Amino acid sequence: MAPTTRRMRARAAASGDRIPPDALFEALLCLPARDVCRLRCVCRSWRDLIRDPVFAAAHADAHRGDPPLFLAKFLDDKTSVYVVDLSGAVVKRVAGTGGGPYQQLLPTRLGIACVAGDRNRCGVLNPATGALQSLPRNTAPDENAHLVSLVTSTFFTLGRVAATGEHKVLRMFSSIGLRSGSSRQVFEVITVSSTSGGEGHGAQQWRRLQGPGLFIEECSGTVVDGVVYFMTSSLYDDLGCGIRPDYIVSFDLGREEWGRDIRGPISSSAGGFMPHFNRNRLALAELSGYLVLAEQDRRPFTLDLWYLVDSGRGVSGVWAKQYRIRTRWLVVRLPDDEDHLKPLLVLDDGRLVVYADGRMFICDLKTNSFKLIHMKRLDSVAVYTGNLLCLE
């Protein structure tokens, strides 16, 4: 336990300087990051050791098998981002970085976080240091400002380019109208700087992109290995144009180009015929490095997880249904308008972490049982893969 009083800190500092550096290094390596972070306040020599990149790297290697961490925004705290563990305990609070009441964490699986929301606000947060980089709110230099002014909402997706390690944010201005020809979507991309700063941040600018040729569902962006995947918009549901509800559009963050479209597994197996299919039953997720299409049904109460095991074979790719989860126990306990389940993470032991109605649950796929992770009600959540000791 970290010293909590002035006398205890003074006593620890006096004894801490007498501990051989090698012994202290090895002892601190055995502790989880949560406890090591608290020990920074013992004395200067301990703080310097904990901040050393060599120690941070060694600690990360020694704790690769530790339970996962999550980033959370709670409903009762609009201005902070929390790091929580699988038991629901708070590991760290990053105050003053959560944005306003309308801002949420994007559903990422990275070592950094993205807080985005109303009025074109978007910030990239390093939970280890608390540094927040506010992205420019202005449009790309060659963008049609009048066109952008006509849209009604802005959406963001943060991802990492696998080949270079760069992080990029894809921004979409969107306005889906009811009248023919009144809908528009505008796309831009920006590279996130390795250092954090204020709004605008130097020479950083948004870069204009061509659209994919199809309207996409704004909040569906899911990143897998540097590629962002989107579901197509419900705008097509009643048009009879052949764009099925499980049709998927892709954007390569590295090349900054739209890739080929992918037909989902449901329409592929049905020969493209999907009568009276509810698009709201579908959601995209990244699980264990795969793009996953989650198909939820209320008759019966099931959640099917389709994995894209090979994206290179024709327009449909190769999909495999890996899991069918019976969800009746969970769904009947949720409000009718909040029963949409979002898969978050597959644990090392095969259990699945899912999110619904501001809560996280652990699903045992062998027994089809759910266990609530006890914590305050969530506003939004992301998976954290970073190192809390790392300053980069």
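Quick notes on the rules
- Residues numbered from 1 in each chain as written.
- Predicted model: local features only at pLDDT ≥ 70, side-chain atom pairs only at ≥ 80, totals over all residues.
- Heavy atoms only, no water.
- Helix = DSSP H or I, 4+ residues; strand = E, 2+ residues; numbered from the N terminus.
- Buried < 20%, exposed > 50% of the residue type's maximum accessible area, 1.4 Å probe, protein only.
- Contact = heavy atoms within 4.5 Å.
- Areas by Shrake-Rupley, 256 points an atom, 1.4 Å probe, with all protein chains shown as cover.
- Pairing = 2+ DSSP bridges.
- Core = buried A, V, L, I, M, F, W, Y, C linked by side-chain atoms within 4.5 Å.
- Axes fitted to C-alpha atoms, helices over the stretch in contact; angles between N-to-C directions.
- Salt bridge = Lys/Arg side-chain N within 4 Å of Asp/Glu carboxyl O.
- Phe/Tyr/Trp six-rings, centres within 6.5 Å; stacked < 30°, edge-to-face > 60°.
- Arc of directions from axis to C-beta.
- pLDDT = per-residue confidence, 0-100.
- Polar contact = N/O pair within 3.5 Å; in protein donor to acceptor, adjacent residues only side chain to side chain.

### Observations concerning the overall build of the protein chain
Part 1 of the argument: Counting secondary structure elements, the protein chain contains 8 helices and 25 strands.
Part 2 of the argument: Buried positions account for 48% of the 392 residues belonging to the protein chain.
Part 3 of the argument: Nonlocal contacts in the protein chain, meaning residues at least 24 apart in sequence, comprise 51% of its contacts between residues at least 6 apart.
Part 4 of the argument: Taken as a whole, the protein chain presents about 19400 Å² of accessible surface, with 50% of it coming from carbon and sulfur.

### Let's talk about the pairing of strand β10 (residues 167–175)
Part 1 of the argument: With 9 of its 9 residues buried, β10 lies for the most part within the structure.
Part 2 of the argument: Burial along β10 is two-sided: His 167, Val 169, Arg 171, Phe 173 and Ser 175 facing one way and Lys 168, Leu 170, Met 172 and Ser 174 facing the other are all buried.
Part 3 of the argument: Relative to β10, strand β9 (residues 153–160) runs antiparallel, the two being bridged by 8 bridges. Across the sheet, the residue bridging to Leu 158 is Val 169, located in β10.

### Considerations on the nonpolar core
Part 1 of the argument: Ranked by size, the top nonpolar core spans 30 residues in total, and within it Leu 28, Phe 55, Leu 71 and Leu 388 carry the most contacts.
Part 2 of the argument: Sequence-distant contacts of Phe 55, defined by excluding residues within four places in its chain, comprise Phe 25, Leu 28, Leu 29, Val 36, Leu 49, Ile 50 and Leu 389.

### Description of the sheet that holds strand β11 (residues 184–192)
Part 1 of the argument: Within the open sheet, the 4 strands sit side by side as β9-β10-β11-β12. Their pairing is antiparallel. Looking at strand neighbours, the two that pair on one side only are β9 and β12 (207–209), the edges of this open sheet. Direction aside, neighbouring strands of the sheet carry axes that sit 25 degrees apart on average.
Part 2 of the argument: The pairing of β10 with β11 spans 9 bridges and is antiparallel. From the neighbouring strand, Ser 174 faces β11, where its bridge partner is Gln 185.

### Brief notes about unusual backbone geometry
What is expected of a backbone is that most residues other than glycine have negative phi and most peptide bonds are trans.
Part 1 of the argument: In this model, Glu 256 sits at a positive phi of 55 degrees, which is unusual for a non-glycine residue.
Part 2 of the argument: Here Glu 256 shows up in the loop between β15 (248–252) and β16 (257–258).
Part 3 of the argument: Although it is not a glycine, Ser 288 adopts a positive phi angle of roughly 55 degrees.
Part 4 of the argument: Mapping Ser 288 onto the fold places it in the loop between β17 (282–287) and β18 (290–298).
Part 5 of the argument: A relative accessible area of 47% means that Ser 288 is categorised as partly exposed.

### Comments concerning the pattern of salt bridges
Part 1 of the argument: Under the defined criterion, the tally for this structure stands at 15 salt bridges.
Part 2 of the argument: The salt bridge involving Asp 349 is made with Arg 351; its shortest N-O contact spans 2.8 Å.
Part 3 of the argument: A single salt-bridge network, built from bridges that share partners, covers Lys 168, Arg 207 and Glu 256.

### Some details on the packing of aromatic side chains
Part 1 of the argument: A complete count under the given rule lists 9 aromatic pairs for this structure.
Part 2 of the argument: With a centroid separation of 6.4 Å and 45 degrees between ring planes, the pair formed by Phe 156 and Trp 206 is classed as tilted. In this pair, Phe 156 sits in strand β9 while Trp 206 sits in the loop between β11 and β12, placing the two residues 50 residues apart along the sequence. Neither Phe 156 nor Trp 206 differs from the other in exposure class; each is buried.
Part 3 of the argument: A centroid spacing of 6.4 Å and a plane angle of 5 degrees characterise the contact between Trp 329 and Phe 370, whose relative ring orientation is stacked.

### Here we look at helix α4 (residues 44–51)
What sets the pattern is the α-helix's 3.6 residues per turn: residues three or four places apart point alike.
Part 1 of the argument: By the burial criterion, the buried members of α4 are Trp 46, Leu 49 and Ile 50. Seen from one end, α4 has its buried residues packed into an arc of 95 degrees, which puts them on one side.

### Quick notes on the confidence of the model for the protein chain
Part 1 of the argument: Per-chain confidence: the protein chain averages 82 in pLDDT, with 82% of residues scoring 70 or above.
Part 2 of the argument: Predicted confidence for residues 195–202 stays below pLDDT 50, and this span has 19 contacts to residues more than four positions away or in other chains.

### A closer look at the side chain of Arg 171
Part 1 of the argument: Assignment of secondary structure puts Arg 171 in strand β10.
Part 2 of the argument: Of the polar contacts made by the side chain of Arg 171, one reaches the backbone oxygen of Asn 138; its length is 3.0 Å.
Part 3 of the argument: Here the side chain of Arg 171 touches Glu 188 through a polar contact of 2.4 Å, side chain to side chain.

### Describing helix α5 (residues 53–62)
Part 1 of the argument: All of the buried residues in α5 are Phe 55, Ala 56 and His 59. Across the axial projection of α5, the buried residues extend over an arc of 100 degrees, all falling on one side. Away from its buried face, by an angle of more than 90 degrees, α5 presents the exposed residues Pro 53 and Val 54.
Part 2 of the argument: Residues of α5 that are buried make contact with α2 (21–29), α3 (33–38) and α4.

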